[in-house]
Each structure stands twice: as structure tokens, then as C-alpha cells.
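Chains, contacts and geometry: an overview
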Amino acid sequence: MAARPHIVRSVRLPEAVEARIAAEFDAPPPPDKPLDTDTLFRLAEKTHAEAMLVTHHAAINAEAAQRIPSTVKLVATVSVGLDHLDVAAITARGIAVSNTPDVLTDCNADLAMLLILATSRRAAEYTALVRAGWGRDLGMDEMLGQRVSGKTLGIVGMGRIGQAVARRARGFGTTVLYNNRRRLSPEKEEGATWVEHLDDMLPRCQIISLHLPGSDDTDGMVDAAFLAKLPKGAIFVNAARGRLVNEDALIDALRSGHLAGAGLDVCRNEPHPDPRLLELPNLFMTPHVGSATVETRTDMGMLALDNVAAVAAGKPPVTPVTA
Ligand code: DGY
């Protein structure tokens, strides 16, 4: 690559990252709104870009991978998740792929805890009440939430983020179980107990939190059968990927009261959640903001640029992804 590598990006990045792009890279001005795949490719072609910084707005499936402009040597996603990229199809063209692991682990785990606490303590309903004027004292037995301490939290998927949630949950006095393909070494378990079979873990959990990637294997894994195995009154949390959940089943479980509440940062049809979800008082939802802090988004952008700089220097990416 050139001394000032030519890059394009699908979104405007935080200030410090944009400042580094201006100082070290040759790039068009930041887009006012996220670019879709075809617009990004056209821009890359026009500017002879050697690297593309992408987000889920500019998904690259197997077909699109064939159309990545020939100057591009690296697709650097500013995310840890890879479900918007067909990594095998991209790398088969000799184009490297990188992501931004680790730097967003703590923020995502914080958000999962926020969902656990907000849902258990009925934050959405309380906020709605206050915004409607409040107006009278609540009775001692009215609108009661659930205590988090003393409960059993089940973590489905004990990767970096699952481990960080376990670490935090211990501080809230919960017993933590986890289900993962394999048992982790004791230092990574964070005091949590491995349960080999999900079906054995679900009935033991008053709170369940998903931390799996979105893939064809995990698509719709949270269905009516999964939810029925949770005890009545359980809290369901998903800060991972919307496609893990069958939303018809989730809505049924929330309407019937089988679930006391759900805390979601993600849904299937982002950014247009199923309107039936939004009618549910026992849903607490945030708009896919697991990594949305100044510090973390800056770290993610900087890591993506470190990957570009490494490839520009003829080295492998710092955080490469392989199929
Ligand atoms: C990630 O990094 O995967 C976040 O969920 C943003 O998509």
C-alpha cells in the first residue's frame, strides 16, 4: 500500500479516529449517513481504496464478495461480530479480513448487566410512569420488581463477553451457570459452573443471558421449547444478536407472563423492531448500543486503523479473522 493508504469507511467514526484518518490516511470525507454495500464499493473503486472499514450497514455476502474492487487488500470490520461478512468468500479472493475483538468486551458486558437490572427492576414501566407525571404514591405491593441478588443467572455462550458478564454478576450476588460447547479452564470460568446440556441449565435459571454469535447454527435457537424450559417468571436478556430469537415465541412468553420480562439490545429486523414487541410493558429495549461509548467506539476505530496500517506495511492484520 501507499505511504498514506487509501481507505474508505461506511460510517463516520468518533472524533479521535477521524482525526487519525485525516493525519495518516487518504480518505474521502466521512459519510453523513451510513453507506450501503454498493455505495461503499463505488467509492472504493473511485478512490482506488486499499482497505475498506465496514460496519453491518455495508454487509458483504458471497455474491458481493465477488464485486469487491480489485485494489482492496483488507476488509476491516469495526465490530467484533462477523455475521454481516462472508469471511470465506472474501478471503478466497485473497483479501484479508480483520475485526475488533477485546476492546468492546467490557462495554458489552456492562450493557448486558444494564438489561438484567433494568428488566428485573421494571425500569421501562417506572420510567413511563414518571414521564406520565407520576402523581401518586405507589402502594407497598404495587409494581414490584425482582431482586437480582440470590438469583441464578444462566449464561449461554461463555466467550469473552460471557466471561465478563459472569465476572460482573458475581458482584451482584448471583449464582452463575454457563452453557458452552466445552468447559473453560478454571481461571476463565469466573466462578461460574459449567452445565454441559442447555436443557439441564434452563430450568435452573431465573435470569438467562445470551452471548453467542449470530450464525445459521444459532438462528432461532430461542424458540417456544427453549423458553418453556425456563421457570415461570424468568427474565430473558439478549445483547448478542437478534437472529438467535424466534420473536413470535418471545412475544407469546412475555404476553402470557411465563417470562416476567425481557431486556433486548438487538432484534431481528433492526432498526425496525416488530411493533408487537414495542407494545409490551415488560420489555426493556435499547437500540443495539452494546459498544456505544466514546471510549469503546474510539478503541474499535483505532484498532481497525491499526489493522489497515499493518497490512499497509506488508504485515498481517493485528486482529485477523479466518473462515
Ligand atoms: C459488534 O461489535 O459485533 C457489535 O454488536 C456491533 O455490531
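Residues numbered from 1 in each chain as written. Predicted model: local features only at pLDDT ≥ 70, side-chain atom pairs only at ≥ 80, totals over all residues.

What follows covers the site of the ligand. Lining the immediate environment of the ligand, one finds H56, S79, V80, G81, L104, G290 and S291. When the residues that make up the shell around the ligand are grouped by side-chain class, the tally is two nonpolar, five polar and no charged. (Near = placed C-beta within 6 Å. Nonpolar A, V, L, I, M, F, W, Y, C, P; charged D, E, K, R; others polar.)

Every buried residue of helix 2 (residues 37-46) is accounted for by T37, L40, F41 and A44. The buried residues of helix 2 all sit within an arc of 100 degrees when viewed along its axis, so they share a single face. For helix 2, exposure combined with an orientation more than 90 degrees from the buried face picks out D38 and K46. On its buried side, helix 2 packs onto strand 1 (7-9), strand 2 (51-54) and helix 3 (62-65). Taken from the residues just after helix 2, H48 is the one with a positive phi, measuring 55 degrees. (Buried ≥ 20, exposed ≤ 12 C-beta atoms within 10 Å, placed from the backbone. Helix = DSSP H or I, 4+ residues; strand = E, 2+ residues; numbered from the N terminus. Arc of directions from axis to C-beta. Contact = placed C-beta atoms within 7 Å.)

The sites that carry the UniProt feature "domain: D-isomer specific 2-hydroxyacid dehydrogenase NAD-binding" (unreviewed entry) are, in the present numbering, residues 114-290. The span residues 114-290 is 32% helical and 17% strand by assignment, and the distance between its end C-alpha atoms comes to 10 Å. (UniProt positions renumbered as here; feature names shortened; annotations may be inferred.)

Another point: the sheet that holds strand 8 (residues 207-210). Pairing in this open sheet of seven strands is parallel, and the strands run 7-6-5-8-9-10-11 from one edge to the other. Both edges of this open sheet fall to strand 7 (193-194) and strand 11 (283-285), since each of them pairs with a single strand only. For strand 5 (residues 152-156) and strand 6 (residues 175-179), the ladder comprises five bridges, and the chain directions are parallel. Note on strand 6: the bridge partner recorded for G154 is L177. (Pairing = 2+ DSSP bridges.)

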